[in-house]
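Understanding the architecture of this molecule
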Amino acid sequence: MSKFDSIRPFYDAEVNEAICNSVNHPMMKAIMDFTFPDVDDTIWKEQLKRTHSIRDFQCNFIYQSVQKVLQKSSEGLTTSGFEKLEKNTSYLFISNHRDIILDTSLLNVSLFDHGLVMTASAIGDNLVKKDFLKTLSRLNRNFLVQRGLPPRELLESSKLMSEYIGQLLLRENRSVWIAQREGRTKDGNDATHSGVLKMLGMGSDEPNLIDYFKKIKIVPVSISYEYDPTDALKMPQLMAEANAVKYIKEKNEDFITLISGIIGQKKRIHIHVGDILEKELDYISTEFDNSNKQIQALAQVIDDSILQSYKLWPTNYIAYDLLHKSETYAAFYTENEKSLFERRLEMRIDENNPQMMESFLLMYANPVVNKMKYQNAV
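One structure accompanies this document, and this report is about it. (Residues numbered from 1 in each chain as written. Predicted model: local features only at pLDDT ≥ 70, side-chain atom pairs only at ≥ 80, totals over all residues. Heavy atoms only, no water.)

Some remarks on the sheet that holds strand 6 (residues 218–225)
For clarity, the cut-off: At least two DSSP bridges between two strands are required for those strands to pair. Strands here are runs of E lasting at least two residues and helices are runs of H or I lasting at least four, both read from the DSSP assignment and numbered beginning at the N terminus. Comment: axis = line fitted to C-alpha atoms, over the contacting stretch for helices; angle = value between 0 and 180 degrees taken between N-to-C directions. Only heavy atoms matter for contacts: two residues are in contact if any of them lie within 4.5 Å across the pair.
Within the open sheet, the seven strands sit side by side as 1-7-6-2-5-3-4. Their pairing is mixed. Every other strand in the sheet has two partners, leaving strand 1 (74–80) and strand 4 (142–145) as the edge strands with one partner each. Between one strand axis and the next, the sheet turns through 25° on average, direction left out of account. With four bridges joining them, strand 3 (residues 119–124) and strand 4 adopt parallel strand pairing. Within the sheet, the bridge partner assigned to A122 lies in strand 4 and is F143. Strand contacts of helix 13 (residues 291–309): strand 2 (92–95), strand 6 and strand 7 (267–273), with the helix running at about 40° to strand 6, the strand carrying the most contacts.

A short note on the pattern of salt bridges
Note the cut-off: The working definition used for a salt bridge is a side-chain nitrogen of Lys or Arg within 4 Å of a carboxyl oxygen of Asp or Glu. Between buried and exposed lies partly exposed: a residue is buried under 20% and exposed over 50% of the maximum accessible area for its type, with that area taken using a 1.4 Å probe on protein chains only.
Under the definition given, this model contains 15 salt bridges. Of the charged contacts, one joins K29 and D33 as a salt bridge, the two residues approaching to 2.9 Å between their closest N and O atoms. Taken as a pair, K29 and D33 lie in helix 2 (residues 26–35) at a separation of four residues, close to a single helical turn. The class of D33 is partly exposed, set by a relative accessible area of 31%. As a salt-bridge pair, R147 and E182 come within 3.7 Å of each other at their nearest N and O atoms. Here R147, found in the loop between strand 4 and helix 7 (151–170), pairs with E182, found in the loop between strand 5 (175–179) and helix 8 (194–201); they are 35 residues apart in sequence, far enough to count as distant. The exposure class assigned to R147 is partly exposed, which follows from its relative accessible area of 27%. Connected via shared salt-bridge partners are K3, K159 and E163.

Re the packing of helix 2 against helix 6 (residues 131–139)
For clarity, the cut-off: An angle below 35 degrees is read as roughly parallel, one above 145 as roughly antiparallel, one from 65 to 115 as roughly perpendicular, and any other as oblique. Only Asp, Glu, Lys and Arg are considered charged in this grouping, and only Ala, Val, Leu, Ile, Met, Phe, Trp, Tyr, Cys and Pro are considered nonpolar; every other residue, Gly among them, is considered polar.
Packing of helix 2 against helix 6 leaves a shortest axis separation of 10 Å and a crossing angle of 50°. Comparing the axis directions of helix 2 and helix 6 gives the class oblique. Facing helix 2, whose interface residues are M27, M28 and I31, helix 6 presents F132, L133 and L136. Here the contact of helix 2 with helix 6 is built from residues that sort into six nonpolar, no polar and no charged.

Here is the structure:
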């Protein structure tokens, strides 16, 4: 028994049994029919039954599934910055968070394509309540973030997770992906929550927190989608927050959002890998003497890196101009791109609800505002 058994992915020795137990599940068939539409069931079942490691499962099945998602629901994925990373080296990737499954899946596809160490990735246990989804996530090297715990248990859970992340990075040479905040960004404002960094710091056995952060090689990552396939699904929560009403999720809301994110149209996608945080950490270490201030400063450094490298699309500029009834960024999009975006707006939003209209436009416009703020501050 390992103390990480409640949250860890499968060990390779457990993979084949887990696959054999899931091979006839209707959701496995749905995934495989989507990924290999012209392949007979017996063929992919046989290949699955011969799979004995997470890497084989990811390379032979999940990688192909993600490629099919890109082919069917996007106009392609571009990347930048990966050439800075070293092979056979583990990194802690902290990224903005827009899509439940794809953020980490697309990062892993990119790491694989560049011959780099793929990640173990955090996933909320609220997303894998169904047994099959939990098995699938463990086969895909996800570890569980336990949600909705009372304060004392939350503290214990955070400590366990931070120790596990430390073990992956420093002992197993396994990269880790974690979002900069709990839950996806709904309003387009990407910001690192200090609680995430405090949790990471709990796994440190260094007297100085910054020394530990240097050891685990933090790399900020920007992920940007031209269209957010779940934009309309985010509206009820944004409306509730705008009216200071407590938002309560529908029963299957997370699952519907997860599926919509995968199959919904995204157009172009870009992932940028920032620089490993080193000199920034040295600066924080000399400038700030208490750990709270150091964590706030580190959150700011991560935000700056993500905003600086965030790829703005025509949709972002169009939303800004529609929101401000201006032509400030008209040079960044065509009339055709504008009319396509306005059509999306008509189809997804009640035009008689100005608050909803504003929230929808802000979701796309805020990255422009934030990037300009960052550039003006530098």
